[in-house]
Amino acid sequence: MDILYSIYEVAWFVLIVAAGIAALEGYFYYHFKLYGKKWFMAVSAVFFPLAAVLLCRYLGLVEGGGLGRVWAWFFIAQVLINLFFKHIVKGRFSLPYMLLAPAFTGLALLLVYPFVFQIYLSFHDLKLTTIMAWKNTGRLPFAGIQQYINVFTTSPLSEITFWTLLLRTLLWTFTNVFFHVAGGFALALLLNNEIRFKGFYRTLLVIPWAMPQVVAVLAMRGEFHSQYGFINIMLGKLAAAFPALAALGFGPVQWLSDHPLATCTLINIWLGIPFMMVVILGGLQSISSSYYDAADIDGASYFQKLRYITLPLIRPVLMPAVTLGTVWTFNNINVIYLVTGQSGGTEQADILVSALYKAAFTYNRYSYSAAFAIVIFAMLFFISVFYYAPTFGRGNLGIRGSLRGKVISPSSPARG
Amino acid sequence: MDKKTIRHRRKKLVKYLLIHAVIIAVVVICVYPLLRIFSISIRPGDRVISADLSLIPSGAGIAAYLRLLQDTLFLRWLWNSLIITIATSFIGVSLASTAAYAFSRFKFPGKKTGLILLLSTQMIPAGMLILPLFLMIMKLGLMNTYLGMIIAYSVSSLPFSIWILKGYYDTIPRSLEEAALVDGTSQLGAFYRIILPLSTPALSIAFLFNFTTAWNEYLVARVVLFSSRQYTWTLGLFELQGQYITQWGMFAAGSMLVTVPVLIVFLYSSKWLISGLTLGSVKG
Amino acid sequence: MCLCAFVPLCLCFAACSKPKPPSDAASIVLWEQEDAQVAPYIDFVLDAFKKLPENAGVEITRTHYQTEDLRSQFQAASLAGVPPDLLLGPSDTAGLYAVSGFIRPVDGLIDVSRYNKAVIQAISLDGKVWGLPVSNGNHLMFFYNKKFVKSPPKDTDELFNFCAGEAPRQKLDFCLAFDLGEPFWLAPWLGAFGGWPIDNKTPALDTPAMRSAINFYLDLKYVKKYVPPECDYNCMDSLFKEGKTAFIINGDWALSGYQSHFKKNFGLALIPKLSKTGLYPTPMVSGKYFMVSSGVKPEKLELIKRLLRFYTSRENQIRQFKELQRLPALREASEAPEITGTEISRVSMEEISKGKPMSMATEMRAVWDSARNYLGLAMSKKLSVEDATRKMQQNADSKIAEMNR
């Protein structure tokens, strides 16, 4: 019975989501298609603000007294929206915008409020001693840009400065993403051959991704243990078998205490490769075999095919994964947190985000950490806008262009 | 001529064996930690580290599995996770597939900005969103319900899904749709009949991504859910973890059990990872 | 067709399943972060409380969180105006809640003089008592495996003698297991060298005692090699359980686990006296506490008072000891024959009397983090002991300054 109930519950939720999307699409459809009607302005100015206010009332978002004010806001907004659709949009681009509307509304719903909240905090001073006053009066002391100055001048860690930490974070990000892509690419190429047990291999290879991350990291951490970990046992055996290597200083390593960051990196690489592998494997599927057939006839070598067909053609699929992978790795705290100890651990493996969490959660410097988070956001934003954005723009053209020049386009009768 | 084919065949065989050898080596690296967890789950005495490397420890038994299934609500948690994850994946993928189509095939003002906005949603460190998220869920009255989680999950993996699908749609030649449009199909019809079937690899990647993310999610679940009947398995399993003492046997047993559904999904998705493209529909 | 039937059905369900408004005067929400095996005990006591005639209709909801989650959730819920009524947890986050005003002092609610002095001291800040102790301890002790050790060492000389002679003969991997990286385990030794990490609210880390304690550690790790290097909690626990070491220094929370694991080979003793100074190591002592949210309405306080008094009654305190091996915080109960009569509780009590209360000041956080970081650097020989302690102090000072700025 319980289970039946939860099915109903979820079906109901899916229905709510669907109804929400339908309402949204209806709203847009009305504005895109009926903007020319005489009654357009009047009907929408009456109907939509009223509906919105009723919805807010039903959800309990506003108390009885605030309803009038809320209605006024909705009314003004609706009039502006109407004018916008009637005189500027005039029904153009209706299809793409309606396709995008549900996704972007969802994102706005979930992320705009938290983001604005963070910005608000970062210009004020919220810490342990002001938190109660904030709760009771809703007011916080204004701090201007002091929190931002603190981000750059004081270091969240004791041994290294903010800038060194930034450098370390960049290095961590680059190393991880590089090996994720390289490893994923190599595996995907191997799996893309006509071999037996392909599906079976593929399933086993994604285990690091499929396993709950916490468990995966804790298991790997055990393998790095200085005495009982698999890695050091193997290193020890190797050093014993080849004394020449041992003479060069080769042997068991105290991974966790002497090289915590390297350990984190190795574990994170292990975790991330399967994901890239699957993405690249999907990308390889998007390449029509006719390209390779044509190249074979021209006598192209394996590496030429790789360079001039495979790489450029999986780029549209690979680039998003690499870009997002970079952002995720930059902000990834799980591995570091789990490897260096949940109680704070050593600072030798901290990157920007893990230092940020320490400031926020162990020292309760909420405003400082909000400013810190905004700085991280801004850095990532500028990196992607300046570095990646141009590559999207010319992404398609670039591939098509280079293909025409280098190999043969699929429509050309190379077979003849 | 004959010798040449033999040499060719031998070369092919060597290549074939080599590929298998490399893949098997990597498979071992990937699977080994899972085997270690398995050995923890059947090891008596809740020990997480062991000095011996043998995978079947002495005194092994399935006591931890039995305790997990009998003494806790594990099956219930698994079920909660499953329905949330499946609902999330379907909503997420369907929203993303249409949005990505807009980005791939249309020119409209704000297209580039939209793409960058999508990316930028991933740039705020997630832990910083806990407090505002709590306040929001609270106000909307979604505490302890699945709805809040389904919305949060399906939205939070949208950016990746949209981007990967857009990249994939971009590689599908426009000529295919144009032919259909000439035949009188609507734009949406062309999307539904031509683009979607051709994009199964990307759709399944997006589905897998949505599935694993929602399946393993902890932060949002922790904020939203507070009664143990409503827990997802992540919350339930972490209930076994104390400040010092963790019931590692049951924890490992639970980890083994929750990995199984994901592996099934991956195994099943294998056939969807093969595109119609390679089967030759572009050649025409 | 199917869908048509489905939609109205869903609508019906949605109409019926409107959420009930939470918490009225007769319901208590309790959040805890105990290890999983403690939950049945808590539920048992809460049920017994509900069965009392005067508590008819009372509802108690217990929710478990992990230590870190409990803190972040409690803060968020307090800000949102929907905090739980009671928290059950250790004292180290109490300072945080007290300073931010999320919990209220219990002095006025309950007569705290009836509880052991040290455990009350550990929850006192600025002259107020911020929680009601339910157990006494959380302190480190010295466990040994009787299979290897006939009689426990009285001081470190005896211990090292055993480690040098007997331990290799018994083919032990290591002699003594404990976490060399966690400052909580350093505190007893620091005390034995005559120091203590915090003095009122000021860190005292750059001291001769700290330098001696770290040198003692370095000697154990690199020269004597009696203690496993790079061994965290789970590692040391496994080593001891597998019989790879003869001794372990671990907290009282591990008592019942070791007892049931080793049965007749279970041995418990005081942490050996440090021969060099002739002083006993001083483990940090605190306990588990009930904390009362400042959001609790006055009309509910009476009920909460009753619950707290019932939970820490003499009878329940003794039951708690029997089931969880946790020492009572109520003085009357800790003098009961059930407690003083057994060897284990006698040793445990004596260890507590050697220990010092753990400070609940928020400054402690900076001390822990700074000590952990520089202890790690000194132990991996990336910094000299002198540099490490100097920087440890500087860093703790600057963290505190930043926190209060």
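All values derive from a computational prediction rather than experimental measurement.

1. Re the overall build of chain B
Argument step 1. Assigned secondary structure in chain B consists of 14 helices and 0 strands.
Argument step 2. The linear arrangement of helices and strands in chain B, starting from the amino end, is α-α-α-α-α-α-α-α-α-α-α-α-α-α.
Argument step 3. A globule of 284 residues ought to have a C-alpha radius of gyration of about 19 Å, yet chain B, at 24 Å, is considerably larger.
Argument step 4. Taken over 284 residues, chain B has a buried fraction of 52%.
Argument step 5. The long-range share in chain B, meaning contacts at least 24 apart out of those at least 6 apart in sequence, stands at 77%.

2. So, the overall build of chain C
Argument step 1. Helix and strand counts for chain C come out as 17 helices and 15 strands.
Argument step 2. A compact globule built from 405 residues should have a C-alpha radius of gyration of about 22 Å, and chain C, at 24 Å, falls within 12% of that.
Argument step 3. Taken along the three principal axes of its C-alpha coordinates, chain C extends 75 × 60 × 55 Å.

3. Here we look at the interface of chain C and chain A
Argument step 1. Each partner contributes to the interface: chain C provides 29 residues, whereas chain A provides 27 residues.
Argument step 2. Secondary-structure elements contributing two or more residues to the side of chain C that touches chain A are helix 1 (2-16), helix 3 (67-80), helix 4 (94-100), helix 16 (363-379) and helix 17 (385-404) of chain C.
Argument step 3. Across the side of chain C that touches chain A, the residue classes break down as 12 nonpolar, 9 polar and 8 charged.

4. Re unusual backbone geometry
Argument step 1. Even without being a glycine, Phe197 of chain A presents a positive backbone phi close to 55°.
Argument step 2. Checked against the element boundaries, Phe197 of chain A lands in the loop between helix 7 (162-191) and helix 8 (198-205).
Argument step 3. We classify Phe197 of chain A as partly exposed; it has 13 C-beta atoms within 10 Å.
Argument step 4. Phi is positive for Lys225 of chain C, which is not a glycine, with a value near 55°.
Argument step 5. Mapping Lys225 of chain C onto the fold places it in the loop between helix 8 (208-224) and helix 9 (233-241).
Argument step 6. Assessed through the 13 C-beta atoms surrounding it within 10 Å, Lys225 of chain C is described here as partly exposed.

5. Notes on helix 17 of chain C
Residue and element names in this part refer to chain C.
Argument step 1. The first and last C-alpha atoms of helix 17 sit 29 Å apart over 20 residues, in line with the 28 Å expected at 1.5 Å per residue.
Argument step 2. Restricting attention to buried positions, one finds in helix 17 the residues Ala388, Thr389, Lys391, Met392, Gln393, Asn395, Ala396, Lys399, Ile400 and Met403.
Argument step 3. Of the surrounding elements, those touching the buried residues of helix 17 are strand 11 (202-203), helix 8 and helix 16.

6. Considering the confidence of the model for chain B
Residue and element names in this part refer to chain B.
Argument step 1. Across chain B, the average pLDDT comes to 84, with 93% of residues at 70 or higher.
Argument step 2. Per-element mean pLDDT across chain B ranges from 47 in helix 14 (residues 277-281) up to 92 in helix 3 (residues 74-105).
Argument step 3. In this model, residues 278-284 is a region of pLDDT below 50 whose contacts with residues beyond four sequence positions or in other chains number 11 contacts.

7. A short note on the interface of chain B and chain A
Argument step 1. If you look at the interface, chain B gives 88 residues, while chain A gives 94 residues.
Argument step 2. Per element, the largest residue contribution to the side of chain B that touches chain A is 13 residues, and it comes from helix 1 (residues 2-41) of chain B.
Argument step 3. Among the residues making up the side of chain B that touches chain A, the classes are represented as 63 nonpolar, 21 polar and 4 charged.

8. Details of the packing of helix 7 (residues 183-192) of chain C against helix 8 of chain C
Residue and element names in this part refer to chain C.
Argument step 1. Packing of helix 7 against helix 8 brings their axes to within 9 Å, and their N-to-C directions diverge by 120°. Note on packing geometry: the crossing formed by helix 7 with helix 8 is right-handed. Contacts between helix 7 and helix 8 involve Leu186, Trp189 and Leu190 on the former and, on the latter, Ala209, Met210, Ala213 and Phe216.
Argument step 2. Residue composition of the contact of helix 7 with helix 8, grouped by class: 7 nonpolar, no polar and no charged.

9. Remarks on the sheet that holds strand 8 (residues 140-145) of chain C
For sheets, the rule is that strands pair by backbone hydrogen bonds, running either parallel or antiparallel.
Argument step 1. Pairing is mixed across the open sheet formed by 4 strands, whose spatial order is 9-12-8-13 (chain C). Sheet topology places strand 9 (176-177) and strand 13 (266-269) of chain C at the edges, where each strand pairs with a single neighbour.

10. Details of the environment of Met220 of chain A
Argument step 1. Note that Met220 of chain A resides in helix 10 (residues 213-223).
Argument step 2. Among the residues examined, Met220 of chain A registers 25 C-beta atoms within 10 Å and is labelled buried.
Argument step 3. In this structure the C-alpha to C-alpha distance between Met220 of chain A and Ser288 of chain A, which are 68 residues apart in sequence, comes to 39 Å.
Argument step 4. Aside from chain neighbours lying at most four places away, what touches Met220 of chain A is Ile267 and Trp270 of chain A together with Pro33 of chain B.

11. Remarks on the domain arrangement of chain C
Residue and element names in this part refer to chain C.
Argument step 1. Assigned domains within chain C: domain 1 (20-137 + 285-357) and domain 2 (140-282 + 362-404).
Argument step 2. Of note, the centres of domain 1 and domain 2, computed from C-alpha atoms alone, are 29 Å apart.
Argument step 3. Listed by partner, the interface residues are 16 residues for domain 1 and 14 residues for domain 2.
Argument step 4. Of all the elements in the fold, those that place two or more residues in the side of domain 1 that touches domain 2 are helix 4 and helix 15 (343-354).
Argument step 5. The biggest single contributor to the side of domain 1 that touches domain 2 is helix 15, with 6 residues.
Argument step 6. Taken together, the residues of the side of domain 1 that touches domain 2 sort by class into 5 nonpolar, 5 polar and 6 charged.

12. Concerning the domain arrangement of chain B
Argument step 1. Each domain of chain B was delimited in the assignment, giving domain 1 (1-61) and domain 2 (65-281).
Argument step 2. Residue composition of the side of domain 1 of chain B that touches domain 2 of chain B, by class: 5 nonpolar, 1 polar and 3 charged.

13. A word on helix 2 (residues 39-51) of chain C
Residues and elements named next belong to chain C.
Argument step 1. With 13 residues, helix 2 extends 18 Å between its outermost C-alpha atoms, agreeing within 8% with the 18 Å of an ideal straight helix rising 1.5 Å per residue.
Argument step 2. All of the buried residues along helix 2 are Ile42, Val45 and Phe49. Projection of helix 2 onto a plane perpendicular to its axis shows the buried side chains occupying an angular sector of 70°, all on one side. Structural note: helix 2 exposes Pro40, Asp43, Asp47 and Lys51 on the side pointing more than 90 degrees away from its buried face.

14. Let's talk about the environment of Lys146 of chain C
Residue and element names in this part refer to chain C.
Argument step 1. Mapped onto the secondary structure, Lys146 falls in the loop between strand 8 and helix 6 (156-169).
Argument step 2. The partly exposed category is assigned to Lys146, around which 15 C-beta atoms lie within 10 Å.
Argument step 3. With sequence-adjacent residues up to four places away left out, Lys146 is seen in contact with Asn265, Phe266 and Gly267.

15. Topic: the pairing of strand 3 (residues 86-90) of chain C
Residues and elements named next belong to chain C.
Argument step 1. Taking burial as the measure, the 5 residues of strand 3 include 5 buried ones, the bulk of the element.
Argument step 2. Relative to strand 3, strand 1 (residues 27-32) runs parallel, the two sharing 3 bridges. Bridged to Glu32 within strand 3 is Leu88.
Argument step 3. In terms of strand pairing, strand 3 meets strand 14 (residues 284-293) through 5 bridges, oriented antiparallel. When the bridges of strand 14 are listed, Leu88 appears paired with Phe290.

16. Concerning the packing of helix 8 of chain C against helix 17 of chain C
Residues and elements named next belong to chain C.
Argument step 1. Contact pair helix 8 / helix 17: the axes reach a minimum separation of 10 Å and the direction vectors enclose 130°. Of the possible angle classes, the one that applies to helix 8 and helix 17 is oblique. Handedness of the helix 8/helix 17 crossing: right-handed. Contacts from Met210, Arg211, Ile214 and Asn215 in helix 8 reach Val385, Glu386, Ala388 and Thr389 in helix 17.
Argument step 2. Taken together, the residues that form the contact of helix 8 with helix 17 break down as 4 nonpolar, 2 polar and 2 charged.

17. Observations regarding the environment of Glu239 of chain B
All names here are of chain B.
Argument step 1. Relative to the helices and strands, Glu239 resides in the loop between helix 12 (233-238) and helix 13 (248-269).
Argument step 2. A tally of 20 C-beta atoms within 10 Å means that Glu239 is categorised as buried.
Argument step 3. For the pair Glu239 and Ser228, spaced 11 residues apart in sequence, the C-alpha to C-alpha distance is 9.5 Å.

18. Topic: the confidence of the model for chain C
Argument step 1. Residues of chain C with pLDDT of at least 70 account for 94%, and the chain-wide mean is 88.
Argument step 2. Quick note on the complex model: pTM equals 0.85, ipTM equals 0.87.

Each value, and the rule that gives it
- Residues numbered from 1 in each chain as written.
- Chains lettered and ligands numbered in written order.
- Predicted model: local features only at pLDDT ≥ 70, side-chain atom pairs only at ≥ 80, totals over all residues.
- Helix = DSSP H or I, 4+ residues; strand = E, 2+ residues; numbered from the N terminus.
- Rg over C-alpha atoms; globule rule 2.2 N^0.38 Å.
- Buried ≥ 20, exposed ≤ 12 C-beta atoms within 10 Å, placed from the backbone.
- Contact = placed C-beta atoms within 7 Å.
- Nonpolar A, V, L, I, M, F, W, Y, C, P; charged D, E, K, R; others polar.
- Expected span 1.5 Å × (residues − 1).
- pLDDT = per-residue confidence, 0-100.
- Axes fitted to C-alpha atoms, helices over the stretch in contact; angles between N-to-C directions.
- Left-handed = near helix turned anticlockwise from the far one by under 90°.
- Pairing = 2+ DSSP bridges.
- Domains from an automatic or database assignment.
- Arc of directions from axis to C-beta.
- Parallel < 35°, antiparallel > 145°, perpendicular 65-115°, else oblique.

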